[in-house]
Protein chains: 2
Amino acid sequence: MKHIVITIGREYGSGGRFIGKKLAEALNIPFYDKEIIEKVASEGHFSKEFVEKNDEKPNGIINALYISQNYTLPLNQQVFLAQFSVIREMAKKESCVIIGRCADYILADRTDTVNVFVHAPIEKRIERVVKYYGVEEAKAQDTIKKVDKSRAKYYNFFADKEWGKAKGYHLCLDSSIGIDETVNVIKAYVEGFNK
Amino acid sequence: MKHIVITIGREYGSGGRFIGKKLAEALNIPFYDKEIIEKVASEGHFSKEFVEKNDEKPNGIINALYISQNYTLPLNQQVFLAQFSVIREMAKKESCVIIGRCADYILADRTDTVNVFVHAPIEKRIERVVKYYGVEEAKAQDTIKKVDKSRAKYYNFFADKEWGKAKGYHLCLDSSIGIDETVNVIKAYVEGFNK
């Protein structure tokens, strides 16, 4: 197989992470999600807990205060920059699947990258976060809205384009057809891309 | 094959129409684009020329003037309503592929509809409109912008959602991988959808 990097943006509860994991298994290439956090931490930039806390976090009012007191970049931006380098290295080194973290934007100059966005109707996502993430049913819709808002804000700030807008990706798809079925569609796209 | 209706929204020059035609051939089901115009005309609502002129046209300032003088719906809205009925009939009668005309919105209550949006990078679209639509190279970019703007305006007005926003479709894809390759990906999605 040609060198290929597949980035996956995802709505919360759409199964995007799991789809990426199964896709990586099917293509027999590494999968990176939380692993990026560990890599950033292990390379000595920050502690694992620090990276976790500031991972995919958008800017907030607190940042202005932080800058004014510390005269350095806000914590989330420091983490973004550390992840930036790690993601660039990963993509250069080997074929892989990378979840979130503006990887599509970070790798925009590479011609061997396929950018995917996974979404699903709200009722399917509620079902999923209750079943797999242990979110209370009564709070599921609010949690989904909050996480999506945060992801969109993070993406739109750092990537300087619009999260979930079709034109920004090679492939956007509704995963409610099923996890394996969605993996198959992405595989078909990657095959076409690599032809 | 189960009853299935595939609607295709498309950026101008993305090859969406041709992709829809090849997809319909591959699935051995009817394909409707300009054919809708003929059907609306043949059912006696309007002349073919009249429908053609008002096909997929957004509202403009002229409409306000038209309403104030004629006390009836503007021409583009009359055509939209006639197409609305024809598209509903087509989808009910048999499996088919329908290009544009807010068919995804018109058929939103059907559970056997897959909504697709096809886009492509601007340089690929310029190449295509020059080669196949006879547009002058110097004017290609302007023509593309103008047609897309008109399609988006038409869609956003009638469909009351956003043209080209991933969440509004089951599948959005960049056709620059090739016409046949794009058809294959849509087929893979339809197979998953029909499982």
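All values derive from a computational prediction rather than experimental measurement.

Undergrad: Describe in detail the sheet that holds strand β2 (residues 31-32) of chain B, supporting the description with residues and values.
TA: Strand order in this open sheet of ten strands is β2(A)-β3(A)-β1(A)-β4(A)-β5(A)-β5(B)-β4(B)-β1(B)-β3(B)-β2(B), and the pairing throughout is mixed. The open sheet has two edge strands, β2 (31-32) of chain A together with β2 of chain B, and neither has a second partner. As paired strands, strand β4 (residues 113-119) of chain A and strand β5 (residues 171-174) of chain A are joined by four bridges and run parallel to one another. Residue pairing for β5(A): H119(A) is matched across the bridge by D174(A). Strand contacts of helix α1 (residues 16-27) of chain A: β1 (5-10), β2, β3 (96-99) and β4 of chain A, with the helix running at about 165° to β1(A), the strand carrying the most contacts.

Undergrad: So what's going on with the relation of the copies chain B and chain A? Residues and values would help.
TA: Rotating chain B by 180° about the axis while translating it 0.0 Å along that axis superimposes it on chain A, leaving an RMSD of 0.0 Å. Considering both components of the superposition, the chain copies are consistent with a two-fold axis. By residue overlap, the copies meet face to face through one surface: 100% of the interface positions of chain B are interface positions in chain A.

Undergrad: How would you explain the nonpolar core if you had to name every residue and give the values?
TA: Ranked by internal contacts, the top residues of the largest apolar core, which has 60 residues, are I36(A), I98(A), I36(B) and I98(B). Discounting chain neighbours no more than four positions away, the residues touching I98(B) are V5(B), I6(B), T7(B), I8(B), Y32(B), I36(B), I87(B), A103(B) and L107(B).

Undergrad: Let's hear about unusual backbone geometry: which residues, and what values?
TA: Residue and element names in this part refer to chain A. In this model, N28 sits at a positive phi of 60°, which is unusual for a non-glycine residue. Structurally, N28 is set in the loop between α1 and β2. Owing to a relative accessible area of 71%, N28 belongs among the exposed residues under this scheme.

Undergrad: An account of the side chain of D104(A) is needed here, citing residue identities and associated values.
TA: Positionally, D104(A) belongs in helix α6 (residues 103-106). Apart from residues no more than four positions distant in its own chain, D104(A) is found in contact with T7(A), N115(A), Y155(A), K161(A), G168(A) and Y169(A).

Undergrad: Now, about the state of the cysteines: what can you tell me, with residues and values included?
TA: When the sulfur atoms of two cysteines share a covalent bond, that bond is a disulfide. Taken as a whole and judged by the stated rule, the model has zero disulfides over all chains. Take C96(A): it sits in no disulfide, and the sulfur closest to it among the cysteines is that of C102(A), at 16 Å. A residue is classified by how much of its surface remains accessible, and C96(A), at 0% relative accessible area, is buried. C172(A) carries a free sulfur, and the closest cysteine sulfur to it, the one in C172(B), is 5.0 Å from it. The class of C172(A) is buried, set by a relative accessible area of 0%.

Undergrad: Provide a residue-level description of the interface of chain B and chain A, including the pertinent values.
TA: Tallying the contact residues gives 25 residues for chain B and 25 residues for chain A. For the pairing of chain B and chain A, the buried interface totals around 2000 Å² over both sides, and the portion due to carbon and sulfur atoms is 57%. Applying the counting criterion to the chain B and chain A interface returns six salt bridges. Taken together, the connections running from chain B to chain A amount to 15 residue pairs in polar contact (both at pLDDT 80 or more). When contributions to the side of chain B that touches chain A are tallied by element, the ones reaching two or more residues are β4 (113-119), β5 (171-174) and α9 (179-193) of chain B. Ranked by the residues each element gives to the side of chain B that touches chain A, the list is headed by α9(B), at six residues.

Conventions used here
Throughout, a residue's number is its position along its own chain's written sequence, starting from 1. Chains carry letters from A onward and ligands carry numbers from 1 onward, assigned in written order. Predicted model: local features are reported for residues with pLDDT of at least 70 only, side-chain atom pairs are reported and counted for 80 or more only, and whole-chain, interface and lining totals are derived from all residues. Only heavy atoms go into the side-chain values, all of them from the structure, while hydrogens and water stay out. For two strands to pair, DSSP has to find at least two bridges joining them. Helix numbering and strand numbering both begin at the N terminus, where a helix is a DSSP run of H or I of at least 4 residues and a strand a DSSP run of E of at least 2. Contacts are assigned to residue pairs that have any heavy atoms within 4.5 Å of one another. Helix axes are fitted only over the stretch in contact, all axes being lines through C-alpha atoms; the angle between N-to-C directions runs from 0 to 180 degrees. Fitting of the copies onto one another was done by least squares over C-alpha atoms, counting residues only where both copies have pLDDT of at least 70. For the purposes of this section, nonpolar cores are sets of buried Ala, Val, Leu, Ile, Met, Phe, Trp, Tyr and Cys residues that join through side-chain atoms within 4.5 Å. Burial status follows relative accessibility: with a 1.4 Å probe on protein chains alone, a residue under 20% of its type maximum counts as buried, one over 50% as exposed, and anything between as partly exposed. When two cysteine sulfur atoms are found within 2.5 Å, that pair is recorded as a disulfide. The term buried area refers to how much accessible surface (probe radius 1.4 Å) is lost by two components on association, counted for both of them together. The term salt bridge refers to a pairing of a side-chain nitrogen on Lys or Arg with a carboxyl oxygen on Asp or Glu at a separation within 4 Å. Any pair of nitrogen or oxygen atoms within 3.5 Å is treated as a polar contact; in protein, a donor-acceptor pairing is required on top of that, and neighbouring residues in sequence qualify only through side-chain atoms on both sides.

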